[in-house]
Amino acid sequence: METSLLYPVTNDQRTDQKLDGLWQFKFDETKQGVKDGWETGFHDGVSMPVPASFNDFFTDKESREYTGDFWYSRKFFVPSAAKGKALFLRFDAVTHRATIFVNGKEIRSHEGGFLPFAADISSAVHYGAENTVVVKGNNELSREALPAGDTITLRNGKKMVRPFFDFYNYSGLNRSVHLLTLPQERVLDYTTTFELNGQDATVNYTVTTNGDAPVTVSLADADGQVVATAQGKEGALQVKNAHLWQVRNAYLYTLTIQVGDDAQTPVDTYTDRIGIRTIKISGTNILVNDKPIYLKGFGRHEDSPFAGRAFDLNVEKKDFALMKWIGANSFRTSHYPYDEQVYKIADEEGFLLTDEVPAVGFKMAAAAFLGGLNQSFFKGPWLKKLHERHIDQIRDLIKRDKNHPSVLAWSLFNEPDTIDENAVPYFKQIFDESKDLDPQSRPRTFTLSEDDTIETSKVLDFPDFYMLNRYPGWYHFGGYQISDGEAGLRDEMDKWQKAGVTKPVVFTEFGADTEAGLHKLPSVMWTEEYQVEVLKMFSRVFDDYDFIKGEQVWNLADFQTVEGNMRVNGNKKGIFTRDRQPKEAAFFYHDRWNKLPLDY
Ligand SMILES: CCC[C@@H]1NC[C@@H](O)[C@H](O)[C@H]1C(=O)O
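Treat the numbers as computed from the prediction; the structure is a model and nothing was measured.

Student: A description of the overall build of the protein chain should follow, citing residues and the corresponding values.
Tutor: A count of helical and extended segments in the protein chain gives ten helices and 30 strands. Once the C-alpha set of the protein chain is aligned to its principal axes, its extents read approximately 70 × 70 × 45 Å. In the protein chain, which comprises 600 residues, the proportion classed as buried is 60%. Taking as baseline every contact in the protein chain between residues at least 6 positions apart, the subset at least 24 positions apart corresponds to 71%. As displayed, the protein chain has an accessible area near 22,800 Å², and 51% of this comes from carbon and sulfur atoms. Taking the average place of the 69 positive charges on the side chains of the protein chain and the average place of its 87 negative ones, the gap between the two points comes to 2 Å.

Student: Pulling in residues and values, what's your account of the pattern of salt bridges?
Tutor: Per the stated rule, a full pass over the model turns up 49 salt bridges. Between Lys136 and Asp69 there is a salt bridge, and its shortest N-O distance comes to 3.8 Å. In this pair, Lys136 is assigned in strand S9 (residues 129-138) and Asp69 in strand S4 (residues 69-78), connecting sequence segments 67 residues apart. Since its relative accessible area comes to 5%, Asp69 is described here as buried. Put simply, Lys435 and Asp436 hold a salt bridge, and the shortest N to O gap is 3.4 Å. By sharing partners, the salt bridges in this structure join Lys61, Arg64, Glu65 and Glu563 into a single network.

Student: Describe the site of the ligand, listing the residues and the values that go with them.
Tutor: As a matter of local geometry, the ligand sits amid Asp166, His335, Asn414, Glu415, Tyr471, Tyr475, Glu509, Trp554, Phe559, Arg567, Asn571 and Lys573. Measuring from an oxygen atom of the ligand, one finds a side-chain N or O atom of Arg567 at 3.0 Å. Contact distances for the ligand include 2.9 Å between an oxygen atom and a side-chain N or O atom of Asn571. Burial of the ligand by the protein amounts to 88% of the accessible area it has alone, namely 360 Å². The residue inventory of the shell around the ligand, partitioned by class, reads four nonpolar, three polar and five charged.

Student: Requested: an account of the layout of surface pockets, with residues and values cited.
Tutor: Gaps between atoms show up when a probe of the same size as a water molecule is rolled over them. Here the largest pocket defines a volume of roughly 730 Å³. When residues of the lining of the largest pocket are traced back to their parent elements, those giving at least two are helix H2 (61-64) and strand S11 (159-163). No other element matches the five residues that S11 contributes to the lining of the largest pocket. When its residues are assigned to classes, the lining of the largest pocket shows eleven nonpolar, eleven polar and 14 charged.

Student: Let's hear about helix H3 (residues 313-326): which residues, and what values?
Tutor: With 14 residues, H3 ought to run about 20 Å at 1.5 Å a step, and its terminal C-alpha atoms sit 20 Å apart, in line with that. All buried positions along H3 are accounted for by Val315, Glu316, Asp319, Phe320, Leu322, Met323 and Ile326. Looking down the long axis of H3, one finds its buried residues gathered within 160 degrees of arc, a one-sided arrangement. Looking at H3, the residues exposed on the side facing more than 90 degrees away from the buried face are Asn314 and Lys317. Gly327 lies just past H3 and shows a positive phi near 95 degrees.

Student: Run through the sheet that holds strand S8 (residues 117-120), naming residues and quoting values.
Tutor: Neighbouring strands of a sheet are bound in pairs by backbone hydrogen bonds; such pairs are parallel or else antiparallel. Taken in spatial order, the four strands make up an open sheet running S1-S12-S5-S8, and their pairing is antiparallel. In the strand order of this sheet, the two ends are held by strand S1 (15-18) and S8, each with one partner. Pairs of neighbouring strands in the sheet enclose a mean axial angle of 25 degrees, with direction left out of account. With six bridges joining them, strand S5 (residues 86-91) and strand S12 (residues 177-182) adopt antiparallel strand pairing. Paired with Leu87 across the two strands is Thr181, which belongs to S12.

Student: Break down the environment of Asn55 for me, with residues and values.
Tutor: You can see Asn55 is positioned in the loop between strand S3 (46-50) and H2. Look at Asn55 and you get buried, because its relative accessible area is 1%. The residues contacting Asn55, other than those within four sequence positions of it, are Arg64, Tyr168, Asn169, Tyr170 and Ser171. Among the polar contacts made by the side chain of Asn55, one reaches the main-chain amide nitrogen of Ser171 at a distance of 3.0 Å.

Student: If you had to explain a nonpolar patch on the surface to someone new, which residues and values would you point to?
Tutor: Together, Ile152, Leu154 and Met160 line one region of the surface with nonpolar side chains, adding up to about 200 Å² of accessible area. Positionally, Met160 belongs in strand S11. With a relative accessible area of 32%, Met160 lands in the partly exposed category.

Student: Give me the lowdown on the packing of H3 against helix H4 (residues 340-349), citing residues and values where you can.
Tutor: Running from N to C, H3 and H4 point in directions that differ by 30 degrees, and their axes come no closer than 11 Å. By the criterion of interaxial angle, the relationship of H3 to H4 is roughly parallel. The chirality of how H3 crosses H4 is right-handed. Of H4, the residues touching H3 (which contributes Leu313, Glu316, Phe320 and Lys324) are Gln341, Val342, Ile345, Ala346 and Glu349. Residues belonging to the contact of H3 with H4 are distributed by class as follows: five nonpolar, one polar and three charged.

Student: With reference to specific residues and values, describe the environment of Glu65.
Tutor: One can find Glu65 in the loop between H2 and S4. Once residues lying within four places of it in the same chain are set aside, the contact partners of Glu65 are Lys159 and Tyr168.

Student: Give me the nonpolar core: which residues, what numbers.
Tutor: Formed by 88 residues in total, the largest nonpolar core has its most connected members in Phe362, Phe413, Phe507 and Ile575. Element by element, the count of residues in this core is highest for helix H9 (residues 528-542), at eight residues. Aside from chain neighbours lying at most four places away, what touches Phe362 is Leu146, Ala148, Phe377, Phe378, Leu386, His390, Phe413, Pro416, Asp417 and Tyr426. Membership of the second largest hydrophobic core comes to 29 residues, among which are Ala98, Val135, Val177 and Leu179.

Student: Just give me the short version of the packing of aromatic side chains, but keep the residues and values in it.
Tutor: According to the stated counting rule, one finds 56 aromatic pairs in the structure shown. With 6.0 Å between their ring centres and 80 degrees between their planes, Phe362 and Phe413 make a pair best called edge-to-face. Here Phe362 is found in the loop between strand S25 (352-356) and helix H5 (364-369), whereas its partner Phe413 is found in strand S26 (residues 407-414), with 51 residues between them in sequence. For Phe413, a relative accessible area of 0% translates into the label buried. Through a chain of ring-to-ring contacts, the aromatic side chains of Phe362, Phe377, Phe378, Trp382, Phe413, Tyr426, Phe427, Phe431, Phe446 and Phe462 assemble into a single cluster. One cation-aromatic arrangement involves Lys26 over Phe42; the distance from NZ or CZ to the ring centre is 4.9 Å. Its end group placed over the ring of Phe331, Arg300 keeps NZ or CZ at 4.7 Å from the ring centre.

Student: Give me the sheet that holds strand S30 (residues 548-554): which residues, what numbers.
Tutor: With respect to topology, eight strands assemble into a closed barrel ordered S23-S24-S25-S26-S27-S28-S29-S30, the strand pairing being parallel. On average, each strand axis in the sheet is tilted by 25 degrees relative to the strand beside it, whichever way the strands run. Relative to S30, strand S29 (residues 505-509) runs parallel, the two sharing two bridges. Of the residues in S30, the one forming a bridge with Val505 is Ile548. Helix-sheet contacts for helix H7 (residues 423-434) involve S26 and strand S27 (444-448), and the interaxial angle to S26 is about 155 degrees.

Thresholds applied
- Residue numbers restart at each chain and count upward from 1, following the sequence in its written direction.
- Totals for whole chains, interfaces and linings use every residue, but because this is a predicted model, local features are given only for residues with pLDDT of at least 70 and side-chain atom pairs only at 80 or more, for both listing and counting.
- As a rule here, side-chain values come from all non-hydrogen atoms in the structure, and water together with hydrogens is ignored.
- For the purposes of this entry, the term helix denotes a DSSP run of H or I that reaches at least four residues, the term strand denotes a run of E that reaches at least two, and both are numbered from the N terminus.
- For the exposure calls, accessible area comes from a 1.4 Å probe over protein chains only, and a residue counts as buried if that area is under 20% of its type's maximum, exposed if over 50%, partly exposed in between.
- Contact between two residues is taken to exist if any of their heavy atoms lie within 4.5 Å; hydrogens are not considered.
- Per-residue accessibility takes into account occlusion by the displayed protein chains alone, with areas from the Shrake-Rupley method and a 1.4 Å probe.
- Neither His nor the chain ends is counted toward charge; the positive residues are Lys and Arg and the negative residues Asp and Glu.
- Just so you know, the charge point we use is NZ for Lys, CZ for Arg, CG for Asp and CD for Glu.
- Any carboxyl oxygen of Asp or Glu within 4 Å of a side-chain nitrogen of Lys or Arg constitutes a salt bridge here.
- It suffices for a single heavy atom of a residue to lie within 4 Å of a molecule or strand for the residue to be listed as near it.
- Pairing of N or O atoms within 3.5 Å defines a polar contact, subject to two protein rules: one partner must be a possible hydrogen donor and the other a possible acceptor, and residues neighboring in sequence count only if both atoms are side-chain atoms.
- Asp, Glu, Lys and Arg are counted as charged, while Ala, Val, Leu, Ile, Met, Phe, Trp, Tyr, Cys and Pro are counted as nonpolar; the rest, among them Gly, fall into the polar class.
- A cavity, in this analysis, means grid points on a 1 Å lattice covering only the protein atoms where a 1.4 Å probe fits yet has no way out; a pocket is instead an open set bounded by protein on both sides within 12 Å along at least five of seven lines, and a residue lines either one if it has an atom within 4 Å of a point.
- Grid points are joined across faces, edges and corners, and a volume is the space filled by probe spheres set on the points.
- Here a helix's expected span is defined as the number of its residues, less one, multiplied by 1.5 Å.
- Regarding the arc, it is the one traced by the directions from the helix axis to the C-beta atoms.
- Strands were regarded as paired on the criterion that DSSP finds at least two bridges between them.
- Inter-axis angles, ranging from 0 to 180 degrees, are taken between N-to-C directions of lines fitted to C-alpha atoms, where helices are fitted over the stretch in contact.
- For patch building, the residue pool is restricted to those with more than 30% relative accessible area and no salt bridge; the joining distance is 9 Å between like charges and 5 Å between nonpolar side chains (Val, Leu, Ile, Met, Phe, Trp, Tyr).
- Working definition: roughly parallel below 35 degrees, roughly antiparallel above 145 degrees, roughly perpendicular at 65 to 115 degrees, and oblique for all remaining angles.
- By the definition used in this description, the sense in which the near helix is turned from the far one sets the handedness, with an anticlockwise turn below a right angle giving left-handed and a clockwise turn giving right-handed.
- Nonpolar cores are built from buried Ala, Val, Leu, Ile, Met, Phe, Trp, Tyr and Cys residues. Side-chain atoms within 4.5 Å join them into one set.
- The rule is short: rings of Phe, Tyr and Trp, with Trp giving its six-membered ring, pair when the centres are within 6.5 Å, and they are stacked under 30 degrees, edge-to-face over 60, tilted in between.
- For a Lys NZ or an Arg CZ to count as sitting over a ring, it must be within 6 Å of the ring centre and within 35 degrees of the ring normal.

As far as function goes, none of this settles anything; it's purely spatial.
Written out as structure tokens, the structure is:
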């Protein structure tokens, strides 16, 4: 688990310099790099943009599909003025694992392609001079790492990944790299929880530092007026006439943490924007500030042409424009934690997000679907290591994202095999170990695939609310048989109702692959008309069951997947195309959702 995952800020005590841009890049198929000393830097690579996945910049298949070790290198200057400071390189994400070298010295390694980590380089840098950072990355998949898959070797000796999941294995320095100078004594972390008292609110906080200097915490409103202050590493900020953070009606305060005796010359200062709101599950209702809400939105991917899985602020800005236009209020970070800047935008825009770890592909049937095996995923020599990494990434996910008002819930798996008895002890361990990680005690859950129903799933006691992924009209009962699909879906909902549903049910995946521009009257599958028919069918069912408290259609946009006879250059279930243009279904939801209140 990382010591500190605070997002970088710049002020009189801290600096944050992004090292984005063109780096040197090389594949290392024969693991030559270590023998040839690449860790000291190299100039005979190709230029590679950062942040970006490397895959789509090449014109040959071997490079696009490359699986194995790869190396990045660049120079960076450390000013003499940085002497006495703690120096870190913060990697917002390297997919799927990395080892970091500075001036040829190995600093640290990290496992997990979607969460940040920081390398303390204080002892390795030359001040007032250029330095060299080298990243040795690897993008192989296995059953003992997240996301799950296999790596095979073809007869020609090339390695190839076999994902147990339906998104392309885009790899590389997918998010920004920061050079940080920090005070030796500093804020490492903070927590916030909220109590609403009529018009007023209490912000309970804790602050973690690496020293004994006193701490002062203040809260300023959106106009910069300080509305509350408190002393100590634990305390309560009393806010009169609190302006609450609401769904699609956000309000953010600025929290300032100062370390040191003298407010004029603090040892460290850390600021962040927070929203005062509460989240609760009450019966079959999801409550924000004690008011029931209904989730309207999407499963998404960090995916776009050229940059692959890299965070691209332009794409993110467009996606939020589309989600606001269509009347959405929420999304799931399927199937991995997104870049922190996404959560900051969601905080500002008043969107709720379900924050998901990359525990995807924990199901051999998925592997079978993608040409894999048919055996129990939760019974194998890989489980011990997988569990260690799974809970480690849950810990870091919650540590990183716990102060975002936009985070509604934690999704600990996507479509795991929960029919298998062997899943129960694994789920118990994960839910026991994650129980107290979130100071705000937000709901923990996971998605249930088609096979995992109220009759077959063995782990329905664990989630705080249910997330269902259902595909009648597509993967079964498609085309003219869609009426059987609707009847079957209603049968299942009747069983949930008869069983006495005591928790909210949110549909987190449903939809149909659709080739933009394909039309037919009457419809056939793959046409835009048929996608609307499927979505109208789901809407009819959602409107008939009161315990259904959300509809998040799969997917916001078309996205890249592995090649296969079930994919047409990727997954086409998008409501928008991959270049973010509307299919007919976008206008259906624009009409359906904008008729409703923003939060219901
Ligand atoms: C029947 C499982 C559906 C599946 N669910 C997980 C997503 O990551 C996939 O994209 C989606 C699909 O096949 O469209």
